[in-house]
Amino acid sequence: MSEESQQNIRCLVAKVGLDGHDRGAHVITRAFRDAGFEVIYSGLHKAPEEIVQAAVQEDVDVLGISILSGAHNTLVPKIMEGLEEYDAFEDTLVIVGGIIPDEDREGLEEAGVDAIFGPGTPMEETIEFIEDNAPQRD
Amino acid sequence: MAPDQPELVEDLLDGKHRALARAITKIENRSPGYREVVSALYPHTGGADVIGITGSPGSGKSTLVDKLAKQYRDQGLTVGVIAVDPSSPFTGGAVLGDRIRMASTATDMDVFFRSMSARGSLGGLSTATADAVKALDAFGKDKVIIETVGAGQNEVDIVKTADTVAVLVPPSSGDDVQMLKAGILEIGDVFVVNKADLEGANRTVTELRNMLDLRDGEEGDWDPEIAETVAESGEGVPDLLETFDDHTTWLDESGRREEKRHTRYAEELRNLLREDASELLEAELEARGGIDELVARIDAGETTPYELADDVVEPVRDALADD
C-alpha cells in the first residue's frame, strides 16, 4: 500500500561571521519561500558551530551561506568540517552567495561547496539549481 | 533489541543527532517506512515531560522557549523543542523563524531544536508533531517543548498532546470573548502573562483570574495558575518552571498522567485509522477513474454525492461486516 508522502525542500539560509548585511539573505529567504521551499533563516552573526547545529538538527537539504565579509576562506571550511563530524556533509547541498573573488572559488569548491552565486545572479537561476540538485531523501 | 529494528532507530537510540534529525524528517514527510520507525521508538518513550506553549503571534513564545531551555540546561536537563510555523497555502513554502530566538543555548547540542511547517494538507499535523515528540523522547530528552501559534483548531490539537500546556497572553490583549471563542481557556494549565513589565499587565492578570474562576472545574481538577514573566530579561522564568514542575507532580499524584496518556493513545489510534481508511478510499477512487470522472456524473445530474459515497464505500463496509 502506498503511504502518502509529503516532501518539501528544506533550506537553511545562514549568515556567518561578522558581516552585518542581511538584505540579500532576506530577499533570498522570501524568494525561496515563494518557490515553495521551507526556509529557516539563521539570523545575523552566527558562528560556524551554530550553522552546523542548525543544519544538522533541521535536517536541511540545502545550506545556503551568505557571506560578504571576505572571511569565507576560514568560515566556510569550518562549517564543512562540522557537517562532516555529524555525517551531514554527503547529502547536504551547500551553496555560497556573496562576494567571492575568483581566485578563492576553487578552494571553496574543494572544501565541498557545490555552487557559488555571485552578485547579480538571477534568483531563478539559484532556485533552479536547487530544484535540480537538492538531494533526494528516502 | 529487536533484530528487525530499522537502522535509523538504532542510531537514534545510540544518541546520533543525525539519526534523530532524519527520523523527524521521515515522520514529517510521511515517508515510506515512517510507521515502522515510530512503532520501534514507542517502547522507548515516556521518559520526557512534554510542555506545550501557545499564544498569539508576537506574545513572546520563542523568546520564552529560549529562556526555558536555558534554565533546564542549567539544571543539567536535556531539551528538545519542536516549533511549528504556518506555511503558505498557495506555494507550500514557509519561513520558519523561531530558531532565531534560540540565542541562549546556541551551539549546545543538548538542546535539539527543530522547526516544522504546518503543511496544510491532510490535517495530520498533530499526529506528525506527536510522533516527532516521540522521537525526541526516545532519544532521551528530559524535557520536550512544543511551540505553536495559538490560532485555530490545528494548533489547539497539537498543543493538547502535551502533558502541561502554557498559554501566553500579552498584556492588554483585552478582548475576553475572543479568547473564549478560541477555546484556549480550556486547554491552559498555566497562563503566562508575558511582557509583564508593559502597561496593562495587571489588568490582564485580573481579567484572566476572573475568567478562570468562571470555569466549571470538577473536584480534584488542576487549578490553572497565572504566571507573570518578562521573557526578554528572563524575569519570572524560574517561577514559571516551578509551576510546570508542580503541574508535573500533580499529574503523577492525581493519576491524570495515565488518563491523559490513555486519551492520547485513543486519539492516535483514531487518527491512524482515519488516515488508513482515507488512503484506501483514495485508491478506490483512482481505480474508478478518479474523482473528476465520478463528479462528472453528478454534474450531469445522474446521481448525487451521497449515492456515490455509498457506492464507493460499499465494498469496505461489506468486508468489515464479514468479520
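Note that the structure is predicted; figures quoted are calculated from it, not measured.

## Quick notes on the overall build of chain B
Part 1 of the argument: In terms of regular secondary structure, chain B is built from 13 helices and eight strands.
Part 2 of the argument: Rg of the C-alpha trace for chain B: 22 Å, near the compact-globule value of 20 Å for 323 residues, within the 12% margin.
Part 3 of the argument: If one aligns the C-alpha atoms of chain B with their principal axes, the spans along those axes are about 65 × 50 × 45 Å.
Part 4 of the argument: Looking at the 323 residues of chain B, the share that counts as buried comes to 49%.
Part 5 of the argument: Restricting to contacts in chain B with at least 6 residues of sequence separation, those with at least 24 account for 76%.
Part 6 of the argument: Total accessible area computed for chain B in this model is approximately 15500 Å², and 50% of it derives from carbon and sulfur atoms.

## What about a negative patch on the surface?
Residues and elements named next belong to chain B.
Part 1 of the argument: A cluster of acidic side chains, namely Asp213, Asp223, Glu225, Asp239, Glu242 and Asp246, defines a negative patch on the protein surface.
Part 2 of the argument: Of all the elements, helix 10 (residues 237-254) adds the most residues to the negative patch, at three residues.
Part 3 of the argument: Here glutamate 242 is to be found in helix 10.

## Details of the confidence of the model for chain B
Part 1 of the argument: The predicted model of chain B has a mean per-residue pLDDT of 86, with 91% of residues at 70 or higher.
Part 2 of the argument: Between the elements of chain B, mean pLDDT differs from a low of 52, seen in helix 7 (residues 176-181) of chain B, to a high of 96, seen in helix 10 of chain B.

## A few points about the pairing of strand 4 (residues 111-118) of chain B
Residues and elements named next belong to chain B.
Part 1 of the argument: Taking burial as the measure, the eight residues of strand 4 include eight buried ones, the bulk of the element.
Part 2 of the argument: Direction of pairing for strand 2 (residues 79-86) relative to strand 4: parallel, over a ladder of eight bridges. Within strand 4, the position partnered with proline 86 by the bridge is alanine 118.

## Overview of the domain arrangement of chain B
Residue and element names in this part refer to chain B.
Part 1 of the argument: The domain architecture assigned to chain B consists of domain 1 (1-44), domain 2 (46-253) and domain 3 (270-322).
Part 2 of the argument: With 18 residues of domain 1 at the interface, the matching set in domain 2 holds 18 residues.
Part 3 of the argument: Approximately 1700 Å² of surface area, both sides summed, lies buried where domain 1 meets domain 2, with 65% of it carried by carbon and sulfur atoms.
Part 4 of the argument: Connecting domain 1 to domain 2 are one salt bridge.
Part 5 of the argument: With a closest N to O distance of 3.8 Å, glutamate 28 and arginine 114 form a salt bridge.
Part 6 of the argument: The interface formed by domain 1 and domain 2 includes three residue pairs in polar contact (both at pLDDT 80 or more).
Part 7 of the argument: Its residues assigned to classes, the side of domain 1 that touches domain 2 comprises ten nonpolar, five polar and three charged.

## Things to note about the interface of chain A and chain B
Part 1 of the argument: At the interface, 35 residues of chain A touch 39 residues of chain B.
Part 2 of the argument: Note on chain A versus chain B: buried area summed over both sides is about 3400 Å², and carbon and sulfur give 48% of it.
Part 3 of the argument: Taken together, the links from chain A to chain B amount to seven salt bridges.
Part 4 of the argument: The closest approach of N and O atoms between glutamate 58 of chain A and arginine 114 of chain B, which form a salt bridge, is 3.9 Å.
Part 5 of the argument: When contributions to the side of chain A that touches chain B are tallied by element, the ones reaching two or more residues are helix 1 (23-34), strand 2 (38-41) and helix 2 (48-57) of chain A.
Part 6 of the argument: For the side of chain A that touches chain B, the element with the highest residue contribution is helix 2 of chain A, accounting for six residues.

## Topic: the environment of leucine 198 of chain B
Part 1 of the argument: The topology assignment puts leucine 198 of chain B in the loop between strand 7 (190-193) and helix 9 (201-213).
Part 2 of the argument: When the C-alpha atoms of leucine 198 of chain B and serine 233 of chain B are compared, they prove to be 13 Å apart, with 35 residues separating the residues in sequence.

## Comments concerning the sheet that holds strand 5 (residues 115-117) of chain A
Part 1 of the argument: Reading across from one edge, 5(A)-4(A)-3(A)-1(A)-2(A)-3(B) is the order of the six strands in this open sheet, with parallel pairing throughout. Edge strands, defined here as strands with exactly one partner in the open sheet, are strand 5 of chain A together with strand 3 (94-96) of chain B. Here the average twist between neighbouring strands, direction ignored, is 25 degrees.
Part 2 of the argument: Note that strand 2 of chain A and strand 3 of chain B share three bridges and pair parallel. Looking at the pairing, glutamate 38 of chain A lines up with alanine 94 of chain B of strand 3 of chain B.
Part 3 of the argument: Packed on one face of the sheet, helix 2 of chain A meets strand 1 (10-15) and strand 3 (62-67) of chain A and runs near 170 degrees to strand 1 of chain A.

## Overview of helix 5 (residues 125-139) of chain B
Part 1 of the argument: Between its first and last C-alpha atoms helix 5 of chain B spans 21 Å; for 15 residues at 1.5 Å apiece the expected length is 21 Å, and the two agree.
Part 2 of the argument: The element helix 5 of chain B is largely enclosed, with a buried count of 15 among its 15 residues.

## So, the sheet that holds strand 7 of chain B
All names here are of chain B.
Part 1 of the argument: Strand order in this open sheet of seven strands is 4-2-5-1-6-7-8, and the pairing throughout is parallel. This sheet does not close on itself; its edge strands, each paired only once, are strand 4 and strand 8 (225-228). The mean angle between the axes of side-by-side strands here comes to 20 degrees, regardless of whether they run parallel or antiparallel.
Part 2 of the argument: Of the pairings in the sheet, the one linking strand 1 (residues 49-55) to strand 6 (residues 164-169) comprises five bridges and is parallel in character. Residue pairing across strands places threonine 54 opposite valine 167, the latter belonging to strand 6.

## What to know about the environment of leucine 13 of chain B
Residues and elements named next belong to chain B.
Part 1 of the argument: With respect to the helices and strands, leucine 13 occurs in helix 1 (residues 7-13).
Part 2 of the argument: C-alpha separation for the pair leucine 13 and alanine 135, spaced 122 residues apart in sequence, amounts to 9.3 Å.
Part 3 of the argument: Setting aside anything within four residues of it in sequence, one finds leucine 13 in contact with Gln5, His44 and Ala138.

Rules of the game
- Residues numbered from 1 in each chain as written.
- Chains lettered and ligands numbered in written order.
- Predicted model: local features only at pLDDT ≥ 70, side-chain atom pairs only at ≥ 80, totals over all residues.
- Heavy atoms only, no water.
- Helix = DSSP H or I, 4+ residues; strand = E, 2+ residues; numbered from the N terminus.
- Rg over C-alpha atoms; globule rule 2.2 N^0.38 Å.
- Buried < 20%, exposed > 50% of the residue type's maximum accessible area, 1.4 Å probe, protein only.
- Contact = heavy atoms within 4.5 Å.
- Areas by Shrake-Rupley, 256 points an atom, 1.4 Å probe, with all protein chains shown as cover.
- Patch = residues over 30% accessible without salt bridge, like charges linked within 9 Å, V, L, I, M, F, W, Y side chains within 5 Å.
- Salt bridge = Lys/Arg side-chain N within 4 Å of Asp/Glu carboxyl O.
- Lys, Arg positive; Asp, Glu negative; His and termini not counted.
- Charge placed at Lys NZ, Arg CZ, Asp CG, Glu CD.
- pLDDT = per-residue confidence, 0-100.
- Pairing = 2+ DSSP bridges.
- Domains from an automatic or database assignment.
- Buried area = accessible area lost by both parts, 1.4 Å probe.
- Polar contact = N/O pair within 3.5 Å; in protein donor to acceptor, adjacent residues only side chain to side chain.
- Nonpolar A, V, L, I, M, F, W, Y, C, P; charged D, E, K, R; others polar.
- Axes fitted to C-alpha atoms, helices over the stretch in contact; angles between N-to-C directions.
- Expected span 1.5 Å × (residues − 1).

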